[in-house]
Amino acid sequence: MSEAKLREAIVAFGRSIFDRGLTFGSSGNISVRLDDGWLMTPTNASLGRLDPARLARLDGEGRLVSGDAPTKESFLHLAMYRERATARAVVHLHSTHSVAVSCLADLDPQDVLPPITAYYVMRVGRLVLVPYYPPGDPELAEAVRRLAGRHHAVLLANHGPVVAGGSLEAAVYATEELEETAKLCLLLRGEKLRLLTPEQVAELYRRFPS
Ligand SMILES: [Zn+2]
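## Digging into the environment of Arg57
On the secondary structure map, Arg57 appears in strand 3 (residues 56-59). A relative accessible area of 12% places Arg57 in the buried class. Separated by 18 residues in the primary sequence, Arg57 and Leu39 place their C-alpha atoms 4.8 Å from one another. If we skip the residues at most four places from it in the chain, Arg57 touches Glu3, Arg7, Leu34, Asp36, Gly37, Trp38, Leu39, Arg63, Leu64, Val65 and Ser66. Polar contacts involving the side chain of Arg57 include one to the side chain of Glu3, which spans 3.2 Å.

## Concerning a nonpolar patch on the surface
A surface patch of nonpolar side chains, about 400 Å² in accessible area, is lined by Leu184, Leu187, Leu188, Leu193 and Leu195. Mapped onto the secondary structure, Leu188 falls in the loop between helix 6 (168-187) and helix 7 (198-207). A relative accessible area of 31% places Leu188 in the partly exposed class.

## With respect to the sheet that holds strand 6 (residues 128-130)
Spatially, 4-3-2-1-5-8-7-6 is the arrangement adopted by the eight strands of the open sheet, whose pairing is mixed. On the outer flanks of this sheet lie strand 4 (64-66) and strand 6, each paired with one strand and no other. Strand-to-strand twist in this sheet, taken as the mean axis angle between neighbours without regard to direction, amounts to 25°. Bridging between strand 7 (residues 153-156) and strand 8 (residues 160-165) involves four bridges; their strand directions are antiparallel. Pairing of Leu155 across the sheet is with Pro161, part of strand 8. Running over the sheet, helix 6 touches strand 1 (29-34), strand 5 (89-92) and strand 8 and is turned about 145° from strand 8.

## Points about the side chain of Thr175
Within the element layout of this structure, Thr175 appears in helix 6. Every residue in contact with Thr175, bar those within four places of it in the chain, is listed here: Val91, Leu93, Pro161 and Val163.

## Let's talk about the packing of helix 1 (residues 3-19) against helix 6
With their axes 11 Å apart at the nearest point, helix 1 and helix 6 run at an angle of 15° to one another. In terms of orientation, helix 1 lies roughly parallel with respect to helix 6. In the crossing of helix 1 with helix 6, the sense of the turn from one axis to the other is right-handed. The segment helix 1 lies against helix 6, with Ala9, Ile10, Phe13 and Ile17 engaging Leu168, Glu169, Val172 and Tyr173. When its residues are assigned to classes, the contact of helix 1 with helix 6 shows seven nonpolar, no polar and one charged.

Cut-off values and rules
The numbering scheme is per chain: residues are counted from 1 as the chain's sequence reads. Whole-chain, interface and lining totals are the exception, using all residues; otherwise, since this is a predicted model, local features are given only for residues with pLDDT of at least 70 and side-chain atom pairs are given and counted only at 80 or more. To obtain the side-chain values, all non-hydrogen atoms of the structure were used and water was disregarded. Numbering of helices and strands runs from the N terminus; a helix is a DSSP stretch of H or I covering at least four residues, while a strand is a stretch of E covering at least two. Partly exposed residues are those whose accessible area sits between 20% and 50% of the maximum for their type, while under 20% is buried and over 50% is exposed, using a 1.4 Å probe and protein chains only. For this analysis, residues touch if any pair of their heavy atoms sits within 4.5 Å. Polar contacts, as counted here, are pairs of nitrogen or oxygen atoms within 3.5 Å of one another; within protein the pair requires one atom able to donate a hydrogen and one able to accept it, and residues that are adjacent in sequence qualify only if both atoms are side-chain atoms. Only residues whose relative accessible area exceeds 30% and that form no salt bridge are eligible for patches; like-charged ones are grouped when within 9 Å, while nonpolar side chains (Val, Leu, Ile, Met, Phe, Trp, Tyr) are grouped when within 5 Å. Throughout, the Shrake-Rupley method with a 1.4 Å probe supplies accessible areas, and for residues the shown protein chains are the sole cover considered. When a carboxyl oxygen of Asp or Glu is within 4 Å of a side-chain nitrogen of Lys or Arg, the pair counts as a salt bridge. Here, any two strands with at least 2 DSSP bridges between them count as paired. All axes are obtained by fitting lines to C-alpha atoms, using only the stretch in contact for helices, and the reported angles, taken between N-to-C directions, cover 0 to 180 degrees. Each angle gets one of four labels, with under 35 degrees taken as roughly parallel, over 145 as roughly antiparallel, 65 to 115 as roughly perpendicular, and the rest as oblique. What makes a crossing left-handed is the near helix being turned counterclockwise from the far one by less than a right angle; a clockwise turn instead makes it right-handed. Three classes are used: nonpolar for Ala, Val, Leu, Ile, Met, Phe, Trp, Tyr, Cys and Pro, charged for Asp, Glu, Lys and Arg, and polar for all others, with Gly counted as polar.

This is the structure in structure tokens:
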């Protein structure tokens, strides 16, 4: 896809995400990998009102080439790309239900949400929790980088998800699947659940390798 088309796609997905209340204010950011750098949503920009011409254009070293300054959370995106050669896009949201789950005290940091549906297993897989660090702390990027090689989706504690995909569409859909699964898990809290069995999960990984 051409850079012009990718710019339009970032704007369209941003508006869709914002209009459905999956992010708010100027929170949330989207990036796409180009052959010689990245496109990234700007700092202090609402995902609902992005301008394709003002997206931050970074070179291969992550330096701003044109457009507005990139999101202050660009380091989260770059940490994902650094460890995932196949990642073409990264989405980070402060989506309400995912953030709610990230604030729970009794999480398994190696497997935050149970396998309640096939689509969650196929699009997200095993979600890991990144310990809490203040925004902008270099330790946060390092913590994401350590997990990114094995996980395309991570949940930042008391903060929100960071999800990579082989395309912008794949990254957005996986982030939405994660948000809906977080919502379902909160709805089902306290109920006796029939989870997918380990065999059923293994069969999904066999049929739909990520
Ligand atoms: Zn954030």
